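Geometric and topological summary
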Amino acid sequence: RWAKIAHKNGVPLIVDNTFATPINCRPFEWGADIVTHSTTKYMDGHDATVGGCIVDSGKFDWMAHSEKFPGLCTPDESYHGITYATKFGKEGAFITKCTAQLMRDFGSIQSPMNAYMLNLGLESLPVRVKQHCANGQAVAEFLSQHKNVAWVNYPGLKDNKYYALAQKYMPNGTCGVVSFGVKGGRAAAEKFMKNLKLAMIATHVADARTCVLHPASATHRQLTDEELVACGVGPDMVRFSCGIEATEDIIADLKQALEAI
Ligand SMILES: *Cc1c(COP(=O)(O)O)cnc(C)c1O
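Not measured: the values here are computed from a predicted model.

Quick look at the environment of Lys197 now. Within the secondary structure, Lys197 sits in the loop between helix H8 (185–195) and strand S6 (200–201). Once residues lying within four places of it in the same chain are set aside, the contact partners of Lys197 are Asp253 and Gln256.

Next comes the structure, spelled out in structure tokens:
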């Protein structure tokens, strides 16, 4: 649907596929033109390197909408006066501008050591993603049955509003990140966090180790409770990123932390 709307309006559809990874979702097959990833997350998988990547399908016709894309459709004086869209066609215009001009000017080039570590991560990505998803599903099901949990948001749960879409686009699983509300609001959520033994308190997500964040007391602590609710990150909300540890160990940690509130 979004691809149709974008194309009708002469703009490319860009999908951030960081959480699903190419193992679970292949946006080009659904009409996306460009895919981006924070490779810092599942792709690296071990919190070892910071990075990102852009994948260009080479299908978007920039010249057909040249008035919207002067950076691609008019000469680049800083690069021998070439016009990317005519010189490289739709197959290469965007990604060549990214590498020839933007990487040169902004310096966003991965060091060889970081590229090496990212590649180590990529080699085990399919195996890890499977375990992240199995843990995410088991944790979501466990939490949705727990008396101290107010709500759970995970697209693998049958009563989730995105369940049908997740089944269509990501039939093998979505990711290991589950969000939920602790009964008792902010104070109970803070207590829950303090009780955890296995899960690591971190802003980071999508890592081999289970990471957990209570936005209201960390990344979003400058907001009032009303502002938190308005931006969909209520004071009771916990973001739980399941690692690749044994499922029963993660659940045992959640269980003792919830029960000790
Ligand atoms: C973390 C994240 C980013 C930003 O990536 P960095 O590598 O941290 O700069 C972008 N998109 C998603 C979905 C992320 O989780």
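Let's pick the thread back up.
What follows covers the domain arrangement of the chain. Domain boundaries assigned for the chain yield domain 1 (2–38 + 52–109) and domain 2 (124–259). Computed from C-alpha atoms alone, the centre-to-centre distance between domain 1 and domain 2 is 33 Å. The interface is formed by seven residues belonging to domain 1 together with 13 residues belonging to domain 2. Taken together, the two surfaces of domain 1 and domain 2 that pack against each other cover about 910 Å², and 74% of this comes from carbon and sulfur. Contact with domain 2 buries area across many residues of domain 1, yet Phe19, Asn24 and Trp30 alone supply 64% of it, more than any other trio. Across the domain 1-domain 2 interface, the total number found is zero salt bridges. Across the domain 1-domain 2 interface, the total number found is two residue pairs in polar contact (both at pLDDT 80 or more). In terms of residue class, the side of domain 1 that touches domain 2 is built from five nonpolar, two polar and no charged.

Here we come to the state of the cysteines. Structurally, a disulfide amounts to a covalent bond that connects the sulfur atoms of two cysteines. The full count for this structure, using the stated rule, is zero disulfides. Here Cys25 is not cross-linked by a disulfide; its sulfur's nearest cysteine counterpart is in Cys175, at 11 Å. This cysteine, Cys242, is not joined by any disulfide, and Cys175 carries the nearest cysteine sulfur, 8.9 Å off. Assessed through its relative accessible area of 0%, Cys242 is described here as buried.

Read across the sheet, five strands follow the order S4-S5-S8-S7-S6 without closing on themselves; strand pairing throughout is mixed. Edge positions in the sheet fall to strand S4 (149–153) and S6, since each of these pairs with one other strand and no more. With two bridges joining them, S6 and strand S7 (residues 211–213) adopt parallel strand pairing. In the sheet register, Met200 faces S7, and the bridge partner there is Cys211. In the packing of H8 onto the sheet, the strands contacted are strand S5 (177–182), S6, S7 and strand S8 (237–241), and the crossing angle to S5 comes to about 125°.

Criteria and thresholds
Residues numbered from 1 in each chain as written. Predicted model: local features only at pLDDT ≥ 70, side-chain atom pairs only at ≥ 80, totals over all residues. Heavy atoms only, no water. Helix = DSSP H or I, 4+ residues; strand = E, 2+ residues; numbered from the N terminus. Contact = heavy atoms within 4.5 Å. Domains from an automatic or database assignment. Buried area = accessible area lost by both parts, 1.4 Å probe. Salt bridge = Lys/Arg side-chain N within 4 Å of Asp/Glu carboxyl O. Polar contact = N/O pair within 3.5 Å; in protein donor to acceptor, adjacent residues only side chain to side chain. Nonpolar A, V, L, I, M, F, W, Y, C, P; charged D, E, K, R; others polar. Disulfide = S-S within 2.5 Å. Buried < 20%, exposed > 50% of the residue type's maximum accessible area, 1.4 Å probe, protein only. Pairing = 2+ DSSP bridges. Axes fitted to C-alpha atoms, helices over the stretch in contact; angles between N-to-C directions.

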